[in-house]
Each structure stands twice: as structure tokens, then as C-alpha cells.
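Understanding the architecture of this molecule
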Amino acid sequence: MAWEIKYHDEKLQEAVLALPTGLLGRYLHLTDRMLQYGPDLGMPHTRAMGDGLFELRLKSQEGIGRVFYCLLVKQRIVMLYQFVKKTDKTPPKELTIARRRMKEWKDADA
């Protein structure tokens, strides 16, 4: 069975598609690989953030972007939140939003 990618909402999908060209190209390339091979592409492409939350790591000349995602049953990947990094560490606010959205999806999927 193939993997499927969903988005938390339409606003997130629009935000991802509005990423700078280089980051968007990287995102599309990596999500194509995720659909074919599964969500764990390994470092430096993906990283587990704990408790079922993962990050898709994007890097291009325009900067560094992150898209948080989680996994649901029946091989579904849910993109939860995206942002362009301005600092070395991931801001706690960004993680909090992603974890809250992941809980909403997991609770609805139970």
C-alpha cells in the first residue's frame, strides 16, 4: 500500500506552497520520496522530535525551513506546521503548535 500525505488544513497547504522557490523544490522532492519509500528518510532529511512528531528538514540558498508531521494508521502522513528558521534552535512556540495539532489528529484518528 502506498503512503498518502494530508495537511492539517488548507491554510497550511497554501503556506507550504508559498515557501521560497528553493525550499519548495526541496519539499516537493522529499515528499515524493516519502510517498514512495515512507516517512523516515533519515538524517539529514527527516528527524524524530519525540512522542511521534517528526520534522522534514529543508535547506536551500534562501534559508532553512521545517515542516512538522506525524503518522496515522493506514500509511497516512499528516503535515502539521511549517516555518522558516531564523535561529539555530527550533523555537519552543513552533514545537508547541505542532504537538497540539498532532494531538488533535491522533485523538480524531483513535
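That block above? That's the structure.
These numbers come from a predicted model, not from an experiment.

1. A few points about the pairing of strand β2 (residues 46–50)
- The pairing of β2 with strand β3 (residues 53–60) spans four bridges and is classified as antiparallel. Counted as the bridge partner of alanine 48 is phenylalanine 54 from β3.
- Counting the residues that bridge the hairpin from β2 to β3 gives two residues, and of these aspartate 51 lies at a positive phi of roughly 60 degrees.

2. Details of unusual backbone geometry
- With an omega dihedral of 5 degrees, the bond running from methionine 43 to proline 44 counts as a cis peptide bond.
- Note on placement: proline 44 falls in the loop between α2 (21–37) and β2.
- The backbone of aspartate 51 shows a phi angle near 60 degrees, a positive value even though the residue is not glycine.
- Of note, the phi angle at lysine 74 is positive, near 65 degrees, even though the residue is not glycine.

3. Section: the sheet that holds strand β5 (residues 76–85)
- An order of β1-β5-β4-β3-β2 is seen for the five strands of this open sheet, with the pairing classed as mixed. Strands at the two margins of the open sheet, each flanked by one partner only, are β1 (4–7) and β2. Neighbour to neighbour, the strand axes of the sheet diverge by 35 degrees on average, direction disregarded.
- With four bridges joining them, β1 and β5 adopt parallel strand pairing. Its bridge partner lying in β5, glutamate 4 is registered against arginine 76.
- Along the sheet, α2 contacts β1, β3, β4 (63–72) and β5; its crossing angle with β3, the most-contacted strand, is approximately 135 degrees.
- Sitting on the sheet, helix α3 (residues 92–109) touches β1, β2, β3, β4 and β5, and the angle it makes with β5 is about 170 degrees.

4. Focus on the pattern of salt bridges
- Applying the stated criterion across every chain yields a total of six salt bridges.
- A salt bridge links glutamate 55 to arginine 66; its shortest N-O distance comes to 3.4 Å. Of this pair, glutamate 55 sits in strand β3 while arginine 66 sits in strand β4, placing them 11 residues apart in sequence. This pair shows no difference in class: glutamate 55 is buried, exactly as arginine 66 is.
- When salt bridges that share partners are traced, they join Arg47, Glu55, Arg57 and Arg66 into one network.

Definitions and cut-offs
- Residues numbered from 1 in each chain as written.
- Predicted model: local features only at pLDDT ≥ 70, side-chain atom pairs only at ≥ 80, totals over all residues.
- Heavy atoms only, no water.
- Pairing = 2+ DSSP bridges.
- Helix = DSSP H or I, 4+ residues; strand = E, 2+ residues; numbered from the N terminus.
- Axes fitted to C-alpha atoms, helices over the stretch in contact; angles between N-to-C directions.
- Contact = heavy atoms within 4.5 Å.
- Salt bridge = Lys/Arg side-chain N within 4 Å of Asp/Glu carboxyl O.
- Buried < 20%, exposed > 50% of the residue type's maximum accessible area, 1.4 Å probe, protein only.

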